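A structural walkthrough
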Amino acid sequence: MVDPIKTPRRGSRRAGALVMRGAARRPTEDQQLLQRGPEFDFKHTDPWRALRILGEFVEGFDALANVGPAVTIFGSARVARSHPQYRMARRLAAKLVRAGFAVITGGGPGIMEAANRGAQESGGLSIGCNIELPFEQDINPYVDLGIEFRYFFVRKTMFVKYAEAFVIFPGGLGTLDELFEALTLIQTGKIEHFPVVLIGRDYWKGLLDWVVGEVLEEGKVSAADLELVTVTDDADEVVSIITERYHARRAAEINHPTDGGHPLPGR
């Protein structure tokens with residue numbers, strides 16, 4: 001069988017990083033720059049968004065680069081100041097500060113406010129990484145260093161990059177999102193030496209029973225994956241777990257420097 005005759009494709013043309021073969025002609029970058037349309041708004045284009053995302057990363061890295069060892073605390077924004085979980089978060093944050101850690105939260109109310117409050121009252125660095133939401137969420141008054149983010153994924157990077165551990169109080173979808181993202185990063189080897197501690201045995205029991213009874217039973221996770229999480233109601237145990245893991249990580253960095261002879265950089 002004779003192959004059908006193919007129509008010759010038009011030549012290649014470059015536009016920045018793109019190589020287009022046979023594509024419909026479009027204005028060059030110079031033309032688009034010089035031909036300003038009446039309704040054109042660069043701030044509504046994807047390239048502008050990419051620059052804004054980059055800017056958020058740079059601002060976050062610049063603000064948090066020198067905070068030292070820190071612990072990120074998550075939990076519901078809908079916890080009243082009179083709630084036992086609020087008091088627990090406030091007390092735990094104070095203990096972490098006395099152990100030498102700064103405290104990072106999402107900067108909002110509830111558990112986040114309690115943790116920032118405990119850190120600030122104990123003379124430690126209280127950090128809040130707030131997020132732009134459809135409804136207003138102001139940074140709570142106990143934040144010493146506050147950063148506003150437009151993008152969840154940029155904010156989540158800051159939570160992980162500058163923390164030695166996650167402490168997760170009872171919470172909703174946002175809290176669950178942070179929990180499973182941290183576990184995924186650890187399981188896949190993206191981060192190491194990273195304790196994840198759940199506060200509230202009764203609250204988390206149903207979820208963990210389901211993971212064991214369904215997810216593990218069907219082979220969707222391994223038994224080792226379940227060891228990535230510690231569940232407790234004891235603030236002193238939380239501080240002990242985090243402190244021991246932090247010192248172990250620092251010792252490993254000192255004993256195993258990079259090829260250049262310098263200690264391994266932090267996350």
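Shown above is the structure to which this text applies.
Procedures and definitions
Position numbers for residues count from 1 along each chain, tracking the sequence in the order it is written. A pLDDT threshold of at least 70 governs which residues receive local features in this predicted model, and a stricter bar of 80 or more applies before side-chain atom pairs are shown or counted, although totals over entire chains, interfaces and linings include all residues. Processing note: side-chain calculations cover all non-hydrogen atoms of the structure and skip hydrogens and water entirely. In this description a helix means any DSSP run of H or I spanning at least four residues, a strand means any run of E spanning at least two, and both kinds are numbered starting from the N terminus. Buried, partly exposed and exposed residues are distinguished by accessible area as a fraction of the type maximum, computed with a 1.4 Å probe on protein chains only: under 20%, between the cut-offs, and over 50%, respectively. Throughout, a residue-residue contact means that at least one pair of heavy atoms, one from each residue, lies within 4.5 Å. Only the protein chains shown count as cover for residues, and the accessible areas themselves come from Shrake-Rupley with a 1.4 Å probe. Each salt bridge in this description consists of a side-chain nitrogen of Lys or Arg and a carboxyl oxygen of Asp or Glu lying within 4 Å of one another.

1. Some points on the overall build of the protein
Looking only at helices and strands, the protein has nine helices and nine strands in total. Taking all 267 residues of the protein together, 38% fall into the buried category. Sequence separation of 24 or more characterises 66% of the internal contacts of the protein that already satisfy a separation of 6 or more. Accessible area for the protein stands at about 16200 Å²; split by element, carbon and sulfur atoms hold 54% of it.

2. Quick word on the pattern of salt bridges
Inspection of every chain in the model, using the stated rule, returns eleven salt bridges. For the salt bridge of E121 with R90, the shortest nitrogen-to-oxygen distance reads 2.9 Å. With E121 in helix α4 (residues 111–121) and R90 in helix α3 (residues 84–98), this pair connects stretches of sequence that are 31 residues apart. A relative accessible area of 46% means that E121 is categorised as partly exposed. Ionic contacts of the salt-bridge type, sharing partners, join the residues E164, R249, R250 and E253 into one network.

3. Quick look at α4
Residues separated by three or four positions in an α-helix point in the same direction, a consequence of the helix having 3.6 residues per turn. Of all eleven residues in α4, nine are buried, a share of seventy percent or more. Residues of α4 that are buried: I111, M112, E113, A114, A115, N116, R117, G118 and A119. In this structure, the buried side of α4 is in contact with β3 (70–74), α3, β4 (102–105) and β5 (126–131).

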